[in-house]
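Results of the structural survey
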Amino acid sequence: LEVRRALVKFMNKISLGNISKEVNFGWDLSSDPCTNKWEGITCDSKKQHVKNIVLDQKNLTGILDAAFVCEATSLAVLSLNENEIVGTLPQEISNCRRLTHLYLRGNKLSSNLPSSISRLSNLKRFVISDNAFSGQIPDMSRISGLITFLAERNQLTGQIPKFDFSNLVGFNVSYNNLTGPVPDVKGHFSSSSFSGNPGLCGVPLPSICPPSPPPTPHPVAKKRKVSYFIYLGYAILGLIIILLLVWKLFKCIRKKKSGSSPMDQNKTIISSSVVTKTPKNRSEYSITSSPENSMLSASFEILSSPLANKLRFEDMLRAPAELIGKGKHGSVYKVNVDGVTLVVKRISGWNISKDDFKKRMQRIHRMKHPHVLPLVAFYSSKQEKLTVYKYQQNGSLFKHLHSSQGSKVFEWASRLAIAASVAEALAFMHEGLQNDDIPHGNMKSTNILLNDDMEACIGEYGLMPNNQDESFIAQSDHSIREDHSVAITTRNAFKMDVYSFGVILLELLTGKPVQASGYDLSRWVNSVVRAEWTGEVFDKSLITDGTNEERMINLLHVALKCIDTSPDARPNMKEVAFIINSIKEDEEKSVSAFS
Ligand SMILES: Nc1ncnc2c1ncn2[C@@H]1O[C@H](COP(=O)(O)OP(=O)(O)OP(=O)(O)O)[C@@H](O)[C@H]1O
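A brief look at the structure comes next. On a predicted model such as this, the values are computed, not experimentally measured, just so you know.

Observations regarding the overall build of the protein chain
- Summing up its helical and strand segments, the protein chain has 16 helices and 22 strands in all.
- Within the protein chain, buried positions represent 48% of all 595 residues.

A short note on the pairing of strand 9 (residues 155–158)
- Inspection of the sheet shows strand 7 (residues 132–135) paired to strand 9 by 2 bridges, in the parallel sense. When the bridges of strand 9 are listed, Gly 135 appears paired with Leu 156.
- As defined by bridge partners, strand 9 adjoins strand 11 (residues 177–181) across 2 bridges and the pair is classed as parallel. Across the sheet, the residue bridging to Thr 157 is Asn 177, located in strand 11.

Examining empty space enclosed by the protein
- For the coordinates displayed, the defined rule picks out 2 cavities of 30 Å³ or more.
- Each pocket or cavity is described by its volume, and for the second largest cavity that value is around 30 Å³.
- Lining the second largest cavity are His 329, Lys 345, Asn 442, Asn 447, Glu 460, Leu 463 and Met 464.
- Residue composition of the lining of the second largest cavity, grouped by class: 2 nonpolar, 3 polar and 2 charged.

Quick look at the sheet that holds strand 12 (residues 199–201)
- A sheet is described by the order of its strands in space; here 5 strands give the open sequence 5-7-9-11-12, paired in parallel fashion. Both outer strands of the open sheet, strand 5 (110–112) and strand 12, are each paired with one neighbouring strand and no more. Adjacent strand axes in the sheet meet at a mean angle of 25°, parallel and antiparallel pairs treated alike.

Focus on the packing of aromatic side chains
- Summed over the entire model, instances satisfying the criterion amount to 10 aromatic pairs.
- With a centroid separation of 5.5 Å and an interplanar angle of 25°, the aromatic rings of Phe 126 and Phe 149 are classed as stacked. Note that Phe 126 is positioned in strand 6 (residues 125–127) and Phe 149 in strand 8 (residues 148–150), a separation of 23 residues in sequence. Comparing Phe 126 with Phe 149 shows no difference in burial state: the two are buried.
- An angle of 70° between the planes, with centres 5.0 Å apart, marks the rings of Phe 163 and Phe 171 as edge-to-face.
- Look at Phe 163 and you get buried, because its relative accessible area is 11%.
- A residue is classified by how much of its surface remains accessible, and Phe 171, at 3% relative accessible area, is buried.
- Site record: aromatic cluster; members linked through ring pairs are Phe 126, Phe 149, Phe 163, Phe 171, Phe 189 and Phe 194.
- One Lys or Arg, Lys 334, reaches over the ring of Tyr 391 and ends 4.5 Å from the middle of that ring.

What about the layout of surface pockets?
- Taken as a whole, the second largest pocket holds about 740 Å³ of empty space.
- Around the second largest pocket, the lining is made up of 32 residues, and of these Lys 13, Ile 63, Asp 65, Lys 512 and Pro 513 lie nearest the centre.
- Across the lining of the second largest pocket, the residue classes tally to 13 nonpolar, 9 polar and 10 charged.

A short note on unusual backbone geometry
- Residue Pro 204 is reached from Val 203 by a cis peptide bond, and omega for that bond is 5°.
- Mapped onto the secondary structure, Pro 204 falls in the loop between strand 12 and helix 3 (219–258).
- Here Lys 47, not a glycine, exhibits a phi torsion of approximately 55°, which is positive.
- Note on placement: Lys 47 falls in the loop between strand 1 (41–43) and strand 2 (50–54).
- Judged by its relative accessible area of 41%, Lys 47 falls in the partly exposed class.
- One non-glycine residue with positive phi stands out, namely Asn 59, at about 55°.
- Relative to the helices and strands, Asn 59 resides in the loop between strand 2 and helix 2 (66–69).

Considerations on the site of the ligand
- Inspection of the region around the ligand gives 19 residues, with Lys 345, Gln 392, Lys 444, Thr 446 and Glu 460 positioned closest.
- A distance of 3.0 Å separates an oxygen atom of the ligand from a polar side-chain atom of Lys 345.
- One nitrogen or oxygen atom from the main chain of Gln 392 is found 2.8 Å from a nitrogen atom belonging to the ligand.
- Here the ligand has 620 Å² of accessible area as a free molecule, and 86% of this is covered by the chains.
- Considering only residue class, the shell around the ligand consists of 6 nonpolar, 8 polar and 5 charged.

Comments concerning the environment of Ala 425
- Here Ala 425 is to be found in helix 8 (residues 412–433).
- Its relative accessible area of 0% is what places Ala 425 among the buried residues.
- Setting aside anything within four residues of it in sequence, one finds Ala 425 in contact with His 369, His 371, Val 372 and Ile 458.

Examining the pattern of salt bridges
- Throughout the structure, instances matching the rule amount to 13 salt bridges.
- Of the charged contacts, one joins Lys 108 and Glu 84 as a salt bridge, the two residues approaching to 3.0 Å between their closest N and O atoms. Taken as a pair, Lys 108 in the loop between strand 4 (101–103) and strand 5 and Glu 84 in the loop between strand 3 (77–79) and strand 4 lie far apart in primary sequence, 24 residues in all.
- The exposure class assigned to Glu 84 is partly exposed, which follows from its relative accessible area of 38%.
- In this structure, the salt-bridge partner of Lys 584 is Glu 588, at a minimum N-O distance of 3.7 Å. One end of the pair, Lys 584, and the other, Glu 588, are both in helix 16 (residues 573–594), 4 residues apart, so they sit about a helical turn from each other.
- Judged by its relative accessible area of 43%, Glu 588 falls in the partly exposed class.

Conventions adopted
Residues numbered from 1 in each chain as written. Predicted model: local features only at pLDDT ≥ 70, side-chain atom pairs only at ≥ 80, totals over all residues. Heavy atoms only, no water. Helix = DSSP H or I, 4+ residues; strand = E, 2+ residues; numbered from the N terminus. Buried < 20%, exposed > 50% of the residue type's maximum accessible area, 1.4 Å probe, protein only. Pairing = 2+ DSSP bridges. 1 Å grid on protein atoms, 1.4 Å probe; cavity = no way out; pocket = protein on both sides within 12 Å on 5 of 7 lines; lining within 4 Å. Points joined across faces, edges and corners; volume = space filled by probe spheres on them. Nonpolar A, V, L, I, M, F, W, Y, C, P; charged D, E, K, R; others polar. Axes fitted to C-alpha atoms, helices over the stretch in contact; angles between N-to-C directions. Phe/Tyr/Trp six-rings, centres within 6.5 Å; stacked < 30°, edge-to-face > 60°. Lys NZ or Arg CZ within 6 Å of the ring centre and 35° of its normal. Near = heavy atom within 4 Å. Polar contact = N/O pair within 3.5 Å; in protein donor to acceptor, adjacent residues only side chain to side chain. Areas by Shrake-Rupley, 256 points an atom, 1.4 Å probe, with all protein chains shown as cover. Contact = heavy atoms within 4.5 Å. Salt bridge = Lys/Arg side-chain N within 4 Å of Asp/Glu carboxyl O.

Have a look at this one:
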């Protein structure tokens, strides 16, 4: 029964709940996959174990949940060719230990191939042609029985790993972005197996590889050469130390003479504390060598916060910085200044003038709400925009919901409290900033932070370009990009926040992370609800905790309204906050009635 349940879940996910209603299709809990011959399933002769699942060309548009399908531990053939399956090929595919044939040709699968496929030791045929897989091909050299590897027309990169070409009868990696030399195919394959990869070279391709580095010298000569280099290294090191000392001495004398500003010191300190990328060892957010050097402090604005009273820009830049995140919209550093831990966000890719950014930050700062993380300070120059917040050691909502350390704190009452406070805070910000056209722009569970009392605070408000910059938003917000009905206008930018808030509600209710985009989760929930399996949507831990299902359904309805494909049909945040608060009040009443 366990296997049957897992297979139904697999089908539910891969078909997005649109399971065929045809008689004899099967794939439901009331029949048996073997004796009732579910569509596409072949079992062993005793009709006890599922051996093959072949669902080619079945209009499947969901995601492939390998953990569920691999509960059928005898599975040997999984064939899902010519569908429209999205998402990734999950690591759990290696749970299908007996798998011999995996066919995924002609789908919309993307992202890296899981390294776990190298553990599928019984694999004979592996076909992933015509998808959008990227990243490196995992090492499959240990799969001795592999006879076919077809991966043409994907976006694979890196070098071709080791294969035993003498065993392979089919091999094709053409039309990817692979690089480096073609391995020795022992004459088994022609150039058509490798063509369409501009970075590949060598036989059987016409392009010749650049000469390899000269052969390593004879051991004795090499040893002599090595010791020569060691001595030379010492000499250079000595010279560098002497030069450094002279330079330091010179600097001290000059400082004494001219009483130089502490700014001069930043150049070295920042460079050593933050990853360097740009030439001349400028740090990622080093601004000292920019033309605006003299205006450095002027561009840094400390906002009235008890935290920031003593904060100086120089100290912040001088402090050791740890890179804790690098997203599409910038890098985030954790910095400790005089015992206070701060988070500095370096915003990238936003063409906003220094003055506009300054006005925007000041405007946002005036909107104070207990559930919005206050800006401690910001820096705005032509090239650089930085914002400073207090570090929240309890981390983000994302971490608590989805990381393996996910704590018990996240029972229903906490989730409801988080939903209510975030909705209220967002409603407050929307109301105050409507006329200034400043929505949040990037609402997601990593931007909901939990303060010392484990209360939710919205972080990074308004750090996204205004929606006038259509291309930026279109790239950055998948939910919007996928939401074809949305023309990106100023008017519905606030409704995009509502959509994203709806996705956060779905994360709270389902306990499932957003996969490639918020749209995936919305689509899945919508499909399950349409199929009248609403109960299936909810996080198992909520169900086992005995959470009141009616209130969960009420919150789910709010979420579904928020993620309506038509922005006009979505409620505004004030309405959302009102309903969530009434659900919360109901909950509190019922709890006090029981206690
Ligand atoms: N004030 C803060 N305190 C603690 N952690 C924070 C704070 N601000 C951000 N973080 C965490 O730092 C990490 C990186 O933040 P960042 O904003 O770059 O990530 P992101 O939201 O996933 O990406 P992006 O904003 O670029 O789309 C996230 O995990 C986020 O939860």
